[in-house]
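# Structural description and commentary
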Amino acid sequence: MNVSICKTALPQCVSDAAVVGLFAGEQPAGPAAEADRATDGLLSKLIQRQEITGKKFELTPLLAPPGIATEQLLVVGLGEQAKFDAGVAFRAAAVAAKQLAGKSRAKAAFFLGEMQAKETENAIAGAIVGCHGQDIYRAEKKRFPFGELLWAGSDEAAVFRGQVLGESMNLTRRLVNEPPQEIYPESFATRAADVAKQCGLECEIWDQPRLEKERCGSLLAVARGSARPPRLVILRYNGGKTGSPALALVGKGVTFDSGGLSLKPSESMLTMKCDMAGAATVLGAIHAIARLKLPINVVVLLGRVENMAGPAAYKLGDVLVARNGRTIEVHNTDAEGRLVLADVLCVAVETGAAKIIDLATLTGACVVALGTETVGVMTNDQPCCDVVLESAQRCGEPAWQLPMFPDVYDEIINSEVADIKNVGDGRWGGAIAAAKFLEQFVSGKPWTHLDIAGPAFLDKPKPWLDGGATGCMVRTLVEAADRFSSS
């Protein structure tokens, strides 16, 4: 999609559709006022009759309005002006784009009014994300991305950053939405290598013999039940000072999760192509970081396996030896993501990274605790975590920190047979137990864990997004990398 600045006032802008923003309880201002004057007060009349309220994400289409060159004027509600932020900007633009993408349009123009740069770039990302669906294999498409997106009231830098963020989110979404016969450890590694080539990244791929040589026993155990061999992909972006420690971004890449011998029921297994969303999110983030040329060194590590129940599948009661020598008693083969991340986190530590952030669709317990739209955040280093939380807030991506009290939670993963076990004690505190497990493999490095099990995948569509992958936390990771680069 071509994205550029609209240099024409709304009434004179020739396009298939134009979007104008309106705040709740406010009279038309900026582009909305221009549209109101050009249509002889049409918007004011509709507001007076309460046909338009400006309520958040309300859509009012006006076909061929007199006095305006566009074929359709779509009024989108921005909610209360005092509560408008980057998150509202993202969703408002996405709501409008999703509506307009229901049919093919060569050109769509957005006139949401004056915004801060952060709001503008998130709004542009929202418009790009909103017009892409998950209908990638449908003969009859439901969503038609615009041929050209025009954006009014911004500068080249904000437009470019917004475009990159939107395209990187769609990269993540496409990977997650692909069926598991298309995305498996080897093919995912190939896709990552393609991204590396496009973005000028260093790329290293560890195949099964290399993983065996590198003593990645925990990851390899999970892969044993599948005919698809595992992979570990390491990407390096060197945008910072030579020799300065890198930020490590680690992603869980279980390309399909049957649960292994702890087999999931069919309804729980249906969406398990999304269990590689952590790795896909990290890949989307480094795609954006590299294209934006952020002044920071970043190393990305993606652990890819399938968790299947083949004849060589690992078993309950098995004791695994991770890369750092920790022994792990297996109590549940469906708690496999943490076993994959254990070895990958060890490799991340060995790269000499200064800070580590991992992302994973790790636990249903996190969804029980926080719902489907909020990311669970756990850490061993509050300053690092604060940057991540502040970045999420600036981007309008809901995230909430869960406790990691050593005296309360350290013992719940103790094993009588091995050093640790791969689940906690019973049902309680499952998301924290998983994080406590991961903490065993970061060697005290500043580390923040993001459990994205809830918001990474939508079972049903939202007003601003079709069902399927969301691309959540791509924007947050890019914002965090930007903030770390200047600290």
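Residues numbered from 1 in each chain as written. Predicted model: local features only at pLDDT ≥ 70, side-chain atom pairs only at ≥ 80, totals over all residues. Heavy atoms only, no water.

### Here's the deal with the sheet that holds strand β1 (residues 2-6)
As a reminder, the rule being used: Strands pair, by our definition, only if DSSP identifies at least two bridges between them. Per the convention used, a helix needs a DSSP run of H or I reaching at least four residues, while a strand needs a run of E reaching at least two, with both numbered from the N terminus. In this analysis, axes come from line fits to C-alpha atoms, helices being fitted only over the stretch in contact, and the angle between any two N-to-C directions falls in the range 0 to 180 degrees.
Overall, mixed pairing links the six strands, which are arranged β1-β6-β5-β2-β4-β3 in an open sheet. The open sheet is flanked by β1 and β3 (59-63), the only strands paired with a single partner. In this sheet, adjacent strand axes meet at a mean angle of 20° when their direction is disregarded. Pairing analysis gives five bridges linking strand β2 (residues 17-22) to strand β4 (residues 72-77), with the strands arranged parallel. Following the sheet pairing, Val20 is matched in β4 by Val75.

### Concerning the sheet that holds strand β15 (residues 399-401)
Within a beta sheet, neighbouring strands are joined by backbone hydrogen bonds and run either parallel or antiparallel to one another. Spatially, the eight strands line up as an open sheet ordered β7-β8-β10-β9-β13-β17-β14-β15, and their pairing is mixed. Each end of this open sheet is capped by a strand with a single partner; those strands are β7 (202-206) and β15. Strand-to-strand twist in this sheet, taken as the mean axis angle between neighbours without regard to direction, amounts to 20°. Examined bridge by bridge, strand β14 (residues 375-379) and β15 share three bridges and lie parallel to one another. Within β15, the residue paired with Gly376 across the bridge is Trp400.

### Considering the pattern of salt bridges
If charged atoms from side chains of opposite charge come close, those side chains can pair. Put simply, the test is: Whenever a carboxyl oxygen of Asp or Glu lies within 4 Å of a side-chain nitrogen of Lys or Arg, that contact is scored as a salt bridge. Working definition: with a 1.4 Å probe on protein chains only, accessible area under 20% of the residue-type maximum means buried, over 50% means exposed, and in between means partly exposed.
Inspection of every chain in the model, using the stated rule, returns 30 salt bridges. Taking the shortest distance from any N to any O, the salt bridge between Glu186 and Arg231 comes out at 3.7 Å. Residue Glu186 is found in helix α6 (residues 185-199), and its partner Arg231 is found in strand β8 (residues 231-238); the two are separated by 45 residues along the sequence. Taking relative accessible area as the criterion, Glu186 reaches 29% and is therefore assigned partly exposed. Across the pair Glu204 and Arg236 runs a salt bridge whose closest N-O atoms are separated by 3.5 Å.

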